[in-house]
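Architecture at a glance
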Amino acid sequence: MKKRNLLWRILVTVGLFAVVIASGCAQETKSTPSASPSAAPASQSAAAASTKATPKTVGTEVKIGFITTAGGPTADLAPRARLAVDMALKEVNAAGGINGVPVKIVEAEGRNDPQEETKVLQRFASDDKVLAVLGSVSAEPAMVYPLVAKLKLPLITSSAAPSDILKASAPYGFTFLLPSTDMARASIKQAINTHKSKKLSSIYVGDLPNGRTFGEQTMQVAKELGLEVLDPITIGARDTDFTAAVTRLKGQIASQGADLVSIGHAGERVGVIVAEMRKQGIQIPVLAAYSAVTQGMINSGGQAVEGVIGATSWADDNSDPLQAKFVKEFEARAQTESPKNTKADYSSAYQYDVVRLLAKVMQDAGVSNAPENLAKDRELVAKGLLSVKDFSGVGGKISIGENGQVIREVFTIIVKDGKFKLLNRCLPSNC
Amino acid sequence: MDEIFFQQIINGIALGSSYALVAVGFSLMFGILRAANLAHGEVAMVGTFVCLTAARLGLPFPAALATGAIAAGVASLAIERICFLPYRKHDYVIPVLSTIGMSIFLQSIAIQLWGSDATLYKVGFPSVRYEIGPIGFTSVHIMIVVTTVVLMFALTYLVYRTKVGRGIRAIAENVEIARAIGIKPGPLIVLVFIISGPIAGIAGILVGLNNTAVSPFFGLEMTFKGMVAMFLGGMTNMYGAVLAGLLIGLVEVLMVGYFSANYRDGVVYALFILALLIRPQGLLGTVATRRV
């Protein structure tokens, strides 16, 4: 009797689980209409009907890979990026997807680890059969970028990729981030004009290739612009205690007269370092790396980061109507979705633009999405990206150079009242 | 010796004291009870963030500190109930694995509740800066050092001078014999976890105050550094744990201050290995306390 009761309970439990799982799946299908053509919105159906006569694109979904970095020092960017990608995806699919076929984002976590990122790229290429990949990669692009040339898979990220690495990944590797030398030049010039700076101290991450590249390039540009450059102070990518590094900086200021410091790290860490500087009584002007011009810097630094200068392609007071629309929608969604109450910044704008740009390129190139044409479609996307000119991105026009490097205006900004205020804007060639 | 060197020494003492506080908790749990709680750093993290939340809700610093410490105590107790109690008669490996799982779980929950970003740690504690000549230190530095010294003496007194402490040491030596002489191990083990939790929570809060910001990922580092300090100090010796914590803090700070942060952890762990090769019982440990 006891055994029968036990069996009955197990059956009931398994049944309940099955019901819960089934209802969950049904809910998921309902909540993602874009995943199914039958549930596509009216505009999408109309678009599909209009292309029915000459179906350029086939299949039930066009797949784009999305590498996220929820771990490591840039972890604060991941949730914002996800929200921005989702916004763009909904827009693209509401407008009919790619010739009537909805776009699907296939997300994978790269863990901010180049080995994991290469695995993800290989999986995207062979298993998921995506047409292109977006997202951000770790601070070791030399280990990741060249792989896409081998896989013949377009990769467009918001991460720094030096020109030699882009060359090694051509014509499939692209970066949406402006060259770090251009941004360093713009911000150092601004500091020289505003503060009459003469001697530069640098604090940067010494145990990551991109951190070292940033630090060395900044020092090189500073020398070219006539500044005296002092010995750099390196910090670890995973460090959370910066008291010793800041005290060392204090020593440089006292003994060698440094009057400007550039800090290269992710935004939230730069905020912490500047706060520690102010705590130790250091008041010299600060230049933040492009990677630091994020909401994370303002959140972690608070009042201490007021006056920090940086160069990026984002300014909160940019009057661009597309930016105003993007910010309004992003922040409205952030009221209720994760990450809650966050603000739009350059990283989220990049991801939003990349999804829209990829969709436009795919549409214009007329990708077929047929399994037998996968390689040809990827090649079309790569060629299409290389010919992008004056695409309307958030904050301004975007073009892509022949080496896969984005061409857009550099914005020099200053943190004022917790916002990134525009000081100057110029094309890299004129900065 | 210039003023920057003395400033770095102050930085090292502040950092090392926070390691020392966690190490003292480890000495109680692992050194004395042999309970290897690898989620102890996460207990510190829970206390730190609960204190922050309490401060954001408007509680004054003492109340927020107490709330954080209580939350850490509850987290520590929960770890004892979930990761140790069911496995009292099992091999020590199972609780170790269970606490690793608990550590990841607590970190995930914290990320969901407070986000993965580093957060500015403002809990209402007035950070006042004092200058003695060219050397500067803050009220946070004073609080860290005073708290560490007071807790070290209080715990040493508890373990070596009270009936409860004798009971804890008795069950650490041999549970069966302790039972035979009328000592109930259960309540004493629970007590050790309840005491260790708030100490870790307070350590985390002090780290937050000292570092200006905290993220949910800092617990892991606290666990490793706390364990290293405990081993280096001599397992059961709380003075040793404090001394080792301070040494680790000083070595780290001097590496960053005068060489490169890239070797910070590498040098600490290399010195740890070297120290144990030369003196396996730890700096202040005795051979008699060592077990195979």
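Residues numbered from 1 in each chain as written. Chains lettered and ligands numbered in written order. Predicted model: local features only at pLDDT ≥ 70, side-chain atom pairs only at ≥ 80, totals over all residues. Heavy atoms only, no water.

**Considerations on the overall build of chain A**
Assigned secondary structure in chain A consists of 14 helices and 16 strands. Pairs at least 24 apart in sequence give 70% of the contacts found in chain A among residues at least 6 apart. Summed over its atoms, the accessible surface of chain A is roughly 17900 Å², and 56% of this surface lies on carbon and sulfur atoms. (Helix = DSSP H or I, 4+ residues; strand = E, 2+ residues; numbered from the N terminus. Contact = heavy atoms within 4.5 Å. Areas by Shrake-Rupley, 256 points an atom, 1.4 Å probe, with all protein chains shown as cover.)

**Quick look at the overall build of chain B**
Across its full length, chain B holds 11 helices and four strands. At 19 Å, chain B has a C-alpha radius of gyration in line with the 19 Å of a compact globule built from 292 residues. With the C-alpha coordinates of chain B rotated into their principal frame, the extents come out at 60 × 50 × 35 Å. In chain B, the share of contacts with a sequence separation of at least 24, taken over all contacts with a separation of at least 6, comes to 76%. Surface summary for chain B: the accessible area is close to 12600 Å², and the carbon and sulfur share equals 72%. With 18 positive and 12 negative side-chain charges, chain B shows a separation of 14 Å between the mean positions of the two kinds. (Rg over C-alpha atoms; globule rule 2.2 N^0.38 Å. Lys, Arg positive; Asp, Glu negative; His and termini not counted. Charge placed at Lys NZ, Arg CZ, Asp CG, Glu CD.)

**Things to note about the packing of helix H2 (residues 40–56) of chain B against helix H9 (residues 218–233) of chain B**
Residue and element names in this part refer to chain B. Between H2 and H9, the shortest axis-to-axis distance is 7 Å and the interhelical angle comes to 135 degrees. With respect to H9, the element H2 is oriented oblique. Considering how the two elements wind past one another, H2 and H9 form a crossing that is right-handed. On H9, the residues that touch His40, Gly41, Glu42, Ala44, Met45 and Thr48 of H2 are Phe218, Gly219, Leu220, Met222 and Thr223. Taken together, the residues of the contact of H2 with H9 sort by class into five nonpolar, five polar and one charged. (Axes fitted to C-alpha atoms, helices over the stretch in contact; angles between N-to-C directions. Parallel < 35°, antiparallel > 145°, perpendicular 65-115°, else oblique. Left-handed = near helix turned anticlockwise from the far one by under 90°. Nonpolar A, V, L, I, M, F, W, Y, C, P; charged D, E, K, R; others polar.)

**Some words on the interface of chain A and chain B**
Counting from both sides, the interface comprises 29 residues of chain A and, opposite them, 26 residues of chain B. Where chain A abuts chain B, roughly 2400 Å² becomes buried across the two surfaces, and 45% of that area is made up of carbon and sulfur atoms. When the buried surface of chain A facing chain B is broken down by residue, Asp241, Arg248 and Lys279 of chain A rank first, second and third, together holding 24% of it. Counting the contacts that link chain A with chain B gives two salt bridges. Note that Arg264 of chain B and Asp241 of chain A form a salt bridge whose closest N and O atoms lie 3.4 Å from each other. Between the two partners, chain A and chain B, sit 11 residue pairs in polar contact (both at pLDDT 80 or more). Looking at the side of chain A that touches chain B, the elements with two or more residues in it are strand S8 (233–235), helix H9 (243–256), helix H10 (267–279) and helix H11 (295–301) of chain A. If you tally residues by element for the side of chain A that touches chain B, the top one is H9 of chain A, at seven residues. Residues of the side of chain A that touches chain B, tallied by class, amount to six nonpolar, 12 polar and 11 charged. (Buried area = accessible area lost by both parts, 1.4 Å probe. Salt bridge = Lys/Arg side-chain N within 4 Å of Asp/Glu carboxyl O. Polar contact = N/O pair within 3.5 Å; in protein donor to acceptor, adjacent residues only side chain to side chain.)

**Quick word on the nonpolar core**
Leu134, Ile156 and Phe326 of chain A are the most contacted members of the largest nonpolar core, which totals 125 residues. The greatest single-element share of this core, amounting to 11 residues, is contributed by helix H13 (residues 346–365) of chain A. Not counting residues within four places of it along the chain, the set of residues in contact with Leu134 of chain A comprises Ile64, Gly65, Phe66, Ile67, Val85, Ile105, Ile156, Gln351, Val354, Val355 and Leu358 of chain A. One finds Met102, Ile171, Ala200 and Leu206 of chain B within the second-largest nonpolar core, a separate group that totals 74 residues. (Core = buried A, V, L, I, M, F, W, Y, C linked by side-chain atoms within 4.5 Å. Buried < 20%, exposed > 50% of the residue type's maximum accessible area, 1.4 Å probe, protein only.)

**Re the pattern of salt bridges**
In the structure shown here, the tally under the stated rule is 23 salt bridges over all chains. As a salt-bridge pair, Asp86 of chain A and Arg333 of chain A come within 2.5 Å of each other at their nearest N and O atoms. Of this pair, Asp86 of chain A sits in helix H3 (residues 77–94) while Arg333 of chain A sits in helix H12 (residues 321–336), and the two are 247 residues apart along the sequence. Counted as one network, the salt bridges with shared partners bring together Asp239 and Asp241 of chain A together with Glu221, Lys225, Glu252, Arg264 and Asp265 of chain B.

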